[in-house]
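Below are the chains, spelled out letter by letter.
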Amino acid sequence: MKIASITKNIVYNPDKPAISILLESNYSKEIRIAMCKSQVMKEHKAPAPIVLSIFEGEIEFGVQGQKLYLKKGDLIALDANEPHDLKCLEDCIIRLSLTKHDSVERVNQVVS
């Protein structure tokens, strides 16, 4: 059994999104992204499907030529290799679900 909290020990980085691993299972990695207003994650792709959950705040999510406005409680699932970008509109906490074989290092490469 593994237990984690998306709300405990949150550290917002004023220079770029703060990315941390909440927990890993045999099948997935659960990542927390804490973003300050106006921070961005440039366009990137994930090698496997992902699910993004907005736990707090609001983001502008670019995908397939559209800008989606996601706020607290919203979820979005993307297929592998689907280009997307994020802009934080209001300080936010995002839960990112990755497959076990994806890496946090890849996610860290797209923060600005």
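Residues numbered from 1 in each chain as written. Predicted model: local features only at pLDDT ≥ 70, side-chain atom pairs only at ≥ 80, totals over all residues. Heavy atoms only, no water.

Q: Explain the pattern of salt bridges to me, using residue names and the numbers behind them.
A: Between side chains of opposite charge, pairing is possible as soon as their charged atoms come close. Tallied over the entire structure, the rule returns 6 salt bridges. Lys72 is paired through a salt bridge with Glu56; the nearest N and O atoms lie 3.7 Å apart. A residue pair is termed long-range when its members are at least 10 positions apart, and Lys72 in the loop between strand E5 (66-71) and strand E6 (75-78) and Glu56 in strand E4 (residues 50-63) qualify at 16 residues. When its relative accessible area of 54% is taken as the criterion, Lys72 is described as exposed. A salt bridge links Lys67 to Glu60, with the nearest nitrogen and oxygen atoms 3.8 Å apart. (Salt bridge = Lys/Arg side-chain N within 4 Å of Asp/Glu carboxyl O. Helix = DSSP H or I, 4+ residues; strand = E, 2+ residues; numbered from the N terminus. Buried < 20%, exposed > 50% of the residue type's maximum accessible area, 1.4 Å probe, protein only.)

Q: Tell me about the side chain of Arg106, and name the residues and values.
A: Mapped onto the elements, Arg106 comes out in helix H1 (residues 104-108). What Arg106 contacts, discounting residues up to four positions off in sequence, is His44, Lys45, Ala46, Pro47 and Leu98. (Contact = heavy atoms within 4.5 Å.)

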